[in-house]
Each structure stands twice: as C-alpha cells, then as structure tokens.
Amino acid sequence: MSDVTGTQPLDAAGLARFVDHTLLKPEATPADVAALVEEGVRLGVYSVCVSPSMLPLDPATTRERGLLVATVCGFPSGKHPSDVKAFEAARSVRDGADEVDMVIDVGAAKAGAWDAVRDDVAAVRAAVPVDRVLKVIIESAALTDLSRRRLGAPCSRRGRRG
C-alpha cells in the first residue's frame, strides 16, 4: 500500500494515522471510552470518535498524546432538523471536539432534494469553526451512483477556504 501521493510505501503506522477509532454504541461507558483512548494512543490512530454525550475528554489523555477527538451529529439517522444538528455540532466543539462527523438526511438525498441537503451541510458547517474538520457521512450504500455523484458538490464545497 502507498501513501496518499502514491510515492511512498505505507506501513501499518502510516495507515493508522488515517483511522478514526470509533465507539458509538449507546451502551458505552466512560470506562469503555478510556479504554478506546488508550488503544487509540497505542495504535497511533488519527482520532477517537465518541458520542457527543461522552465529551469532553481530558486533553492530557488525548491531544497532549497526539490523539484528536472526533464526534458525530445527527447520528445515526440524519433525520434531525438542521438547527438541531448545528447546535449539537457547536456544543461538541465547545466540549473539545476537533472534528465533527455529520450524517445527512439520506431520505432527502434519495428524493433528490439537493437544496435541502446543501442547506443541512451549510447549517452544520456554519456551527463548526473553519479550523475544525467537518466530515459528511452520506451512507453511500443506500444511494444510487447518480445520487452519490450529485452529493459531491453540496458536501465538498461547504467551508472551503480560499
């Protein structure tokens, strides 16, 4: 396997830097999250991703050890109103999230309601500072090839710098 440029071999440690180590089970406990963090540090992953209710995480156990903190909004269904997703994202950032992974309303995408999808992403992007990562979860298995291509524009333009 090679790195993102295709020029250097990518070893296990290099690959781990692309991984969001995730624990989003509703029954997750603080002890489970602490174990996830320790495992994430040991594996050298990019981030740990936890439910917003598990934030904040102690920076001494995460950022100060090279591990970013990610969370989700609108998870798992994406059916939350955009203002609720935006509030959840803003609160997560206040609680220490470096990255927010939002779920779009897949039903809106399936129905071709592209303006609604764009507005949904824009609302969350406006709530997440540009120095933080916003990823958009599109549940691609539920969509047609055409829908996945159409989602590229509304999901990739939001919050670009320059």
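Each remark here, short or long, concerns the structure printed above.
Treat the numbers as computed from the prediction; the structure is a model and nothing was measured. (Residues numbered from 1 in each chain as written. Predicted model: local features only at pLDDT ≥ 70, side-chain atom pairs only at ≥ 80, totals over all residues. Heavy atoms only, no water.)

With respect to the pattern of salt bridges
(1) Moving on: On inspection of all chains with the given rule, the structure shows 12 salt bridges.
(2) Moving on: The partner of D101 in a salt bridge is K135, and the shortest N-O contact between them spans 3.9 Å. Of this pair, D101 sits in strand 4 (residues 99-103) while K135 sits in strand 5 (residues 133-137); the two residues are 34 residues apart in sequence, bridging distant segments of the chain.
(3) Moving on: A relative accessible area of 6% places D101 in the buried class.
(4) Moving on: For K135, a relative accessible area of 31% corresponds to the partly exposed category.
(5) Moving on: A salt bridge links D119 to R118, with the shortest nitrogen-to-oxygen separation between them at 3.2 Å.
(6) Moving on: Looking at D119, the relative accessible area reads 42%, which means it is partly exposed.
(7) Moving on: Here R118 falls in the partly exposed class, since its relative accessible area comes to 31%. (Salt bridge = Lys/Arg side-chain N within 4 Å of Asp/Glu carboxyl O. Helix = DSSP H or I, 4+ residues; strand = E, 2+ residues; numbered from the N terminus. Buried < 20%, exposed > 50% of the residue type's maximum accessible area, 1.4 Å probe, protein only.)

What about helix 5 (residues 114-127)?
(1) Moving on: Over its 14 residues, helix 5 runs 20 Å from end to end, which matches the ideal 20 Å to within 8%, given 1.5 Å per residue.
(2) Moving on: Three or more residues of helix 5 are buried, namely W114, V117, D120, V121, V124 and R125. Axial view of helix 5: buried residues confined to an arc of 130°, hence all on one face. (Expected span 1.5 Å × (residues − 1). Arc of directions from axis to C-beta.)

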